Amino acid sequence: MYTRTLLCLLPLICLNGVLSKGRVRKFPPNFLFGASTAAYQIEGGWNEDGKGQSIWDVATHQRPTPIKDGSTGDIAADSYHMYKRDVAMMAELGLDFYRFSISWPRILPNGFADKVNQAGVDYYLNLIEEMEKRNITPFATMYHWDLPQNLQKLGGWTNPHIIDWFADYAKILFDRIGPKVKLWITINEPKQICYEGYGSDAKAPFLNATGIAEYLCAKNVLLAHAKAYRLYNEHYKKIQNGSVGISISCTWYEAASDSNDDFHAAEDARMFDWGQFAHPIFSKAGDFPEQVRRNVASKSAEQGFPRSRLPKLSTKDVATIKGTSDFFGVNTYTTKLAYRDASLDGMYAVPSYMDDMSAVLVKDPTWPQSQSSWLQEVPWGFTKVLKEIKKLYNNPPVYVTENGWSSDGGLLDDDRISYLRHYLGALLDAYSEGCDIRGYTAWSLMDNFEWKSGYTEKFGLYEVDFSSPDRTRTPRKSAFVYKEVIRSRKMDPNYEPNYVVETVEHGTKDDDDNDVF
Ligand code: PNW
């Protein structure tokens, strides 16, 4: 109310506010639009055609189950069998590219490169062939969290030998799938792999060894990524002519007040959250960020550890990792407030990653809330993430490789539409400030297995009916909004698709006069 009254002092803006939700904005020429998924979240076929077990197969089959609704990804959206329908959906939306991930244990059932499962390779070749028919570019992620269980038995990402095991896997992908792929991501979200999987129990393998394991993992993930990147550059790039990058999840942390302490708390939070992985690859100096090295070293010393719990990157490691990404893949969803509370008074375990960071992270209850407790709509935080990347890392080419909103289901998803419009607007704000943004990827093409939340949080542009044997996919209202953005290469905040959902006795069906794909 207060804002509107203020705006009404300026008649033009006031009129604009009353008549429309804002102006139509154009995307830059050559800007690319896509949608994303990940193997374990959609494929199913968990034990078909020679696939080995991943840490998520093991996790979801555990009893008692760690998954909120007791579900598994055994069938998920059944994309192992339904991939042709998936590609038809990509074509319906008019996507330029599709970002999917390759399941390591589908390609190498035991994790090691001695036995390649040709049926697994063929699945991805068939998917890509189907995409080629529709002119959709494949954007392939080599690792999106489904580690072969056989490697986890040996410590998984905490074992430095994984640097070689990952590079062996990457070589097989470059040899067999590389001729068809021009855009590669080595690893999806190192922070979530390391902190959530090894430092806490939020993701498989639920190691929950904070203060130690997430830092061992961080070093190994960075070196594994760098080895795969260098392998491509030295042996494949000339022939295959593709680009290789990494996707890092970047939450914006805003200082909760304008005090100096809170300013530093927010900066430390960003450095622990994503600088830890971005700095070694994208900064001029390389290595972990100074704040991270300093905090972990001084806390370790106070706690009586003979050396820092953060493993050192040698001069050779720093040089190996630095510069190993052709673009910055940004996964970004939300913003949090950060403040510093000197006492921390029993707030965090000692030692722990959170104690090392020494920031308190909170939500602002006034920001729109999604179905996922961690996800709120804060578009200006997206602009700030993109501008910070430009500032810290010399304006690298950026692909937004994930961004999206969760609901509790239903086809009329005006909350997702609002999020999409506002985040695309925020992206254009960053673009107009000189950020080199090449593309945007919606998470997700369809509803899928949302890790520990099972099927209770829906991120899809397409709804998936998980109770039907053929996993029927139905476009939500947001799918039509995104389709129009892609078709027009414009973001028109007033565009309303003709989308009516008529509820019938056995589920829902689209009205006859609806926009149809
Ligand atoms: C991503 N955060 O995870 C994953 O890449 C997807 O597999 C997942 O389904 C999707 O987001 C939605 O959860 C993240 O709060 C979730 O910073 C949350 C954050 C980051 C990444």
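Reading the values: rules and limits
- Residues numbered from 1 in each chain as written.
- Predicted model: local features only at pLDDT ≥ 70, side-chain atom pairs only at ≥ 80, totals over all residues.
- Heavy atoms only, no water.
- Helix = DSSP H or I, 4+ residues; strand = E, 2+ residues; numbered from the N terminus.
- Contact = heavy atoms within 4.5 Å.
- Areas by Shrake-Rupley, 256 points an atom, 1.4 Å probe, with all protein chains shown as cover.
- Lys, Arg positive; Asp, Glu negative; His and termini not counted.
- Charge placed at Lys NZ, Arg CZ, Asp CG, Glu CD.
- Salt bridge = Lys/Arg side-chain N within 4 Å of Asp/Glu carboxyl O.
- Buried < 20%, exposed > 50% of the residue type's maximum accessible area, 1.4 Å probe, protein only.
- Pairing = 2+ DSSP bridges.
- Axes fitted to C-alpha atoms, helices over the stretch in contact; angles between N-to-C directions.
- Expected span 1.5 Å × (residues − 1).
- Phe/Tyr/Trp six-rings, centres within 6.5 Å; stacked < 30°, edge-to-face > 60°.
- Lys NZ or Arg CZ within 6 Å of the ring centre and 35° of its normal.

Some details on the overall build of the protein chain
Each helix and strand counted, the protein chain has 19 helices and 17 strands in total. Considered along the principal axes of its C-alpha atoms, the protein chain spans approximately 70 × 60 × 50 Å. Look at the contacts in the protein chain between residues 6 or more apart in sequence, and 75% of them connect residues 24 or more apart. Summed over all atoms, the accessible surface of the protein chain reaches about 20,900 Å², with 52% contributed by carbon and sulfur. In the protein chain, the 58 positive side-chain charges and the 67 negative ones have mean positions that sit 6 Å from each other.

With respect to the pattern of salt bridges
Under the definition given, this model contains 31 salt bridges. A salt bridge links Lys227 to Asp164; the nearest nitrogen and oxygen atoms lie 2.7 Å apart. Placement of the pair is Lys227 in helix α11 (residues 213-235) and Asp164 in helix α9 (residues 162-176), with a sequence separation of 63 residues. On the accessibility criterion, Lys227 (37% relative accessible area) is partly exposed. One salt bridge connects Glu290 with Arg294, and the closest N-O pair in it is separated by 3.5 Å. Residue Glu290 and its partner Arg294 are located together in helix α14 (residues 290-302), separated by 4 residues, close to a single helical turn. Where salt bridges share partners, they join Arg270, Glu388 and Lys391 into one cluster.

Topic: the pairing of strand β3 (residues 97-101)
With respect to burial, β3 is a largely interior element, 5 of its 5 residues being buried. Judged by which residues are buried, β3 turns out to be covered on both faces: Phe97, Arg99 and Ser101 on one side and Tyr98 and Phe100 on the other are all buried. The sheet contact formed by β3 and strand β4 (residues 137-143) spans 5 bridges and is parallel. In the sheet register, Tyr98 faces β4, and the bridge partner there is Pro138.

Some thoughts on the sheet that holds strand β8 (residues 328-331)
Strand pairs in the sheet, formed through backbone hydrogen bonds, run parallel or antiparallel to each other. In spatial order, the strands read β2-β3-β4-β5-β6-β8-β11-β12; together these 8 strands close into a barrel with parallel pairing. Sheet twist, expressed as the average angle between the axes of neighbouring strands with direction ignored, equals 25°. Sheet topology places strand β2 (residues 32-36) next to β3; 3 bridges connect them, and they run parallel. Bridging from a neighbouring strand, Ala35 pairs with Tyr98 of β3. Together, β11 (398-402) and β12 (437-443) form the strand contacts of helix α18 (residues 414-432), whose direction differs from that of β12 by roughly 165°.

Topic: the environment of Arg270
Within the secondary structure, Arg270 sits in helix α13 (residues 260-282). Along the backbone, Arg270 and Ile128 are 142 residues apart, and their C-alpha atoms lie at a distance of 36 Å. Aside from chain neighbours lying at most four places away, what touches Arg270 is Trp252, Tyr253, Gly275 and Glu388.

Concerning α18
With 19 residues, α18 should cover 27 Å at 1.5 Å per step; its first-to-last C-alpha distance of 27 Å lies within 8% of that length. Residues of α18 that are buried in the fold lie against β1 (25-26), α17 (379-392), β11, β12, α19 (477-488) and β15 (490-491). Following α18 by one or two positions, Gly434 has its phi on the positive side, about 100°.

Some remarks on the sheet that holds strand β10 (residues 360-362)
Across the sheet, which stays open at both edges, the 3 strands sit in the order β7-β9-β10 with mixed pairing between neighbours. Among the strands making up the open sheet, the edge pair consists of β7 (252-255) and β10. Averaged over all adjacent pairs, the angle separating strand axes in this sheet is 40°, with direction ignored. Direction of pairing for β7 relative to strand β9 (residues 335-339): parallel, over a ladder of 4 bridges.

Examining the packing of aromatic side chains
Tallying each qualifying case throughout the model produces 48 aromatic pairs. On the basis of an interplanar angle of 80° and a centroid distance of 4.9 Å, the ring pair of Phe27 and Phe33 is categorised as edge-to-face. We classify Phe27 as buried; its relative accessible area is 7%. Classification of Phe33 by relative accessible area gives buried; the value is 0%. An angle of 75° between the planes, with centres 6.0 Å apart, marks the rings of Trp367 and Trp380 as edge-to-face. In this pair, Trp367 is assigned in the loop between β10 and α17 and Trp380 in helix α17, connecting sequence segments 13 residues apart. Three or more aromatic residues joined by ring pairs form one cluster here, namely Tyr40, Trp56, Trp145, Phe206, Phe449, Trp451, Tyr455 and Phe466. Arg106 extends its terminal NZ or CZ atom over the ring of Tyr123, reaching a point 5.9 Å from the ring centre.

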